[in-house]
Amino acid sequence: MQAIAPKSTPIGMVGLGFMGSAISSHIVAAGYELVGFDIDRQRLETLVARGGRAASSTREVAEKAGIVLTSLPSLAAFKDVIWGPEGILSSGHGGLVVMECSTLAVEDKKRAQEDLAAAGMTMLDCPISGGIRASEKDLVLYGSGEKGTYERCLPLIESFSRANYYLGDFGNGMKMKVLANLLVAVHNVSSAEVMVLGMKAGLAPELIYQVMNNSSGRSRMLEVRGLRMVKDDYDNPTMKVKTFEKDLKIIESFAASLNCPTPLFASTFQVYLSALAKGLGDKDTASVCAVLEEWANLKRN
C-alpha cells in the first residue's frame, strides 16, 4: 500500500484540546490538508488560523478525510465520536482509517475497532506519550493493529512525533501507555515529595530543582513539572488532575485484571485523590506538591 504523503489525502482530526491542537499544527506544517472538529468553537477558530479547515461535525470529518485521528478526553466523548448520531460510523465511509490516540481502556477501543471493521473501516490503537511538550513535537506514539495500515500511516505519524513504536496486536499500544502513565504518576508525586522534603529542611525550591535535575535521581516529571512546584503555580494546566484521574483508574483496573500488585502506584493514587478533595481538579497535576506541603505542615516563606 502507498504511504500517506502530504496532499495525497485529507487528514481528519477530532478533538482539538491541548494534544489534538498541537498535533494538528504539526500535520498542517508538514504540508497535509487537514479538516478538524471539536465541540469548542474557539478551538476550531484556532485550527483555521493555523491553516486547517473546520468541520461542523465528526461525521463531516469522516466523510472528507482518508485518515481520521481522534484525541479525546473521556470515554463519553469517545462513545459519541464513534457511535453517536453524528459519529464516525454514521459517515458510512468504507476504507476510512481511524488512528485512535486517546488514553482509554483496551476493551473500549477493541469494541470500537470491531464495529468499525464491520462497516469497512480500520482502526489503529495509537496512544501518545509526552503531551506536556506536544507543541515542540516531543511526542512518542505507541502503535498497534494492522501492520500494513500502520506502515502506510508512518509519514503522517512522523510529522507530529519524535519517535514511534509498532507494538503488534491491537491494544498493545494502550498496554504500553498504561505502563508509561504509571511511571508518570509515581514520578510526579516523588518529585513533589523531594521538593517538600527539601523545602522543609530549609533548602530553596529553585536550588532543589537545579541540583536534582543534574543528579542521578533526575526524572522527566521533575524536569517538566518541577518548575510549577518551584513557583507554586498550577494554573493553565497541560494536564488537569481531574482528567488524569481517568488515566489513573485505567491503570488501577488494568493491574487488577491481571492480579498484578502495584504498591507504589496504589500509594501515589491517594495523593491525587487528595488533590481532588482539596478542589484542585482543574489545576495542573504538579499540584500534588501543594497536597504534600499541607500534609507536612509546610508554610512557604
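Residues numbered from 1 in each chain as written. Predicted model: local features only at pLDDT ≥ 70, side-chain atom pairs only at ≥ 80, totals over all residues. Heavy atoms only, no water.

(A) Here's a closer look at the packing of helix 9 (residues 205-212) against helix 10 (residues 220-231). Between helix 9 and helix 10, whose axes approach to 9 Å, the crossing angle comes to 170 degrees. Classed by the angle they form, the pair helix 9 and helix 10 counts as roughly antiparallel. Counting all contacts with helix 9, which are made through Pro205, Glu206, Tyr209 and Met212, the residues of helix 10 involved are Leu222, Glu223, Gly226, Leu227 and Val230. A class-by-class count of the residues in the contact of helix 9 with helix 10 yields six nonpolar, one polar and two charged. (Axes fitted to C-alpha atoms, helices over the stretch in contact; angles between N-to-C directions. Helix = DSSP H or I, 4+ residues; strand = E, 2+ residues; numbered from the N terminus. Parallel < 35°, antiparallel > 145°, perpendicular 65-115°, else oblique. Contact = heavy atoms within 4.5 Å. Nonpolar A, V, L, I, M, F, W, Y, C, P; charged D, E, K, R; others polar.)

(B) Expanded view of the environment of Val97. Inspection of the secondary structure assignment puts Val97 in strand 5 (residues 97-100). Between the C-alpha atom of Val97 and that of Ala62, which follows or precedes it by 35 residues, the distance is 9.2 Å.

(C) Focus on the sheet that holds strand 9 (residues 163-166). Across the sheet, which stays open at both edges, the three strands sit in the order 7-8-9 with mixed pairing between neighbours. Edge positions in the sheet fall to strand 7 (128-129) and strand 9, since each has one partner strand and no second. Sitting on the sheet, helix 8 (residues 172-200) is in contact with strand 7 and strand 8 (140-143), with an inclination near 140 degrees to strand 8. (Pairing = 2+ DSSP bridges.)

(D) Representation of the packing of aromatic side chains in the model. For the coordinates displayed, the defined rule picks out four aromatic pairs. Aromatic side chains Tyr150 and Tyr166 sit 5.2 Å apart centroid to centroid with 45 degrees between the ring planes, which places their arrangement in the tilted category. Here Tyr150, found in helix 6 (residues 147-152), pairs with Tyr166, found in strand 9; they are 16 residues apart in sequence, far enough to count as distant. Among the residues examined, Tyr150 registers a relative accessible area of 2% and is labelled buried. Pairing Phe244 with Tyr272 gives two aromatic rings, centres 5.4 Å apart and planes at 65 degrees, and the pair type is edge-to-face. You can see Phe244 sitting in helix 11 (residues 241-257) and its partner Tyr272 sitting in helix 12 (residues 263-277), a full 28 residues away along the chain. The exposure class assigned to Tyr272 is buried, which follows from its relative accessible area of 1%. Its guanidinium or amino end placed over the ring of Trp83, Arg111 lies 4.2 Å from that ring's centre, counting from NZ or CZ. (Phe/Tyr/Trp six-rings, centres within 6.5 Å; stacked < 30°, edge-to-face > 60°. Buried < 20%, exposed > 50% of the residue type's maximum accessible area, 1.4 Å probe, protein only. Lys NZ or Arg CZ within 6 Å of the ring centre and 35° of its normal.)

(E) Region of the structure containing the pairing of strand 8. Side chains Val140 and Tyr142 of strand 8 all project onto a buried face; the interleaved residues Leu141 and Gly143 project onto the opposite face, where all are buried too. Bridging between strand 7 and strand 8 involves two bridges; their strand directions are antiparallel. Along strand 8, the bridge assignment pairs Ile128 with Leu141. Direction of pairing for strand 8 relative to strand 9: parallel, over a ladder of four bridges. Residue pairing for strand 9: Gly143 is matched across the bridge by Tyr166.

(F) Layout of the environment of Ile88. Note on placement: Ile88 falls in the loop between helix 4 (75-83) and strand 5. The class for Ile88 is buried, based on a relative accessible area of 0%. Spatially, the C-alpha atoms of Ile88 and Ser161 are 25 Å apart, while their sequence positions differ by 73 residues. Other than its neighbours up to four places away in sequence, Ile88 contacts Thr58, Ala62, Val68, Thr70, Val81, Ile82, Leu96, Val98, Leu116 and Met121.

(G) Molecular detail of the sheet that holds strand 3 (residues 53-54). Strand order in this open sheet of six strands is 3-2-1-4-5-6, and the pairing throughout is parallel. Each edge of the sheet is formed by a strand with only one pairing partner; in this case those strands are strand 3 and strand 6 (122-125). Across four bridges, strand 4 (residues 67-70) lies against strand 5 in parallel orientation. Residue pairing across strands places Leu69 opposite Met99, the latter belonging to strand 5. In the packing of helix 1 (residues 18-29) onto the sheet, contacts are made with strand 1 (11-14), strand 2 (34-37) and strand 4, and the angle to strand 1 comes to roughly 165 degrees.

(H) The arrangement of the pattern of salt bridges in detail. Scanning all chains against the criterion turns up 18 salt bridges. In this structure, Arg162 and Asp138 form a salt bridge, with 2.3 Å as the shortest nitrogen-oxygen distance. Linking Arg162 in the loop between helix 7 (154-160) and strand 9 with Asp138 in the loop between strand 7 and strand 8, this pair joins segments that are 24 residues apart in sequence. Taking the relative accessible area as the measure of exposure, Arg162 reaches 53% and is therefore exposed. Look at Asp138 and you get buried, because its relative accessible area is 14%. (Salt bridge = Lys/Arg side-chain N within 4 Å of Asp/Glu carboxyl O.)

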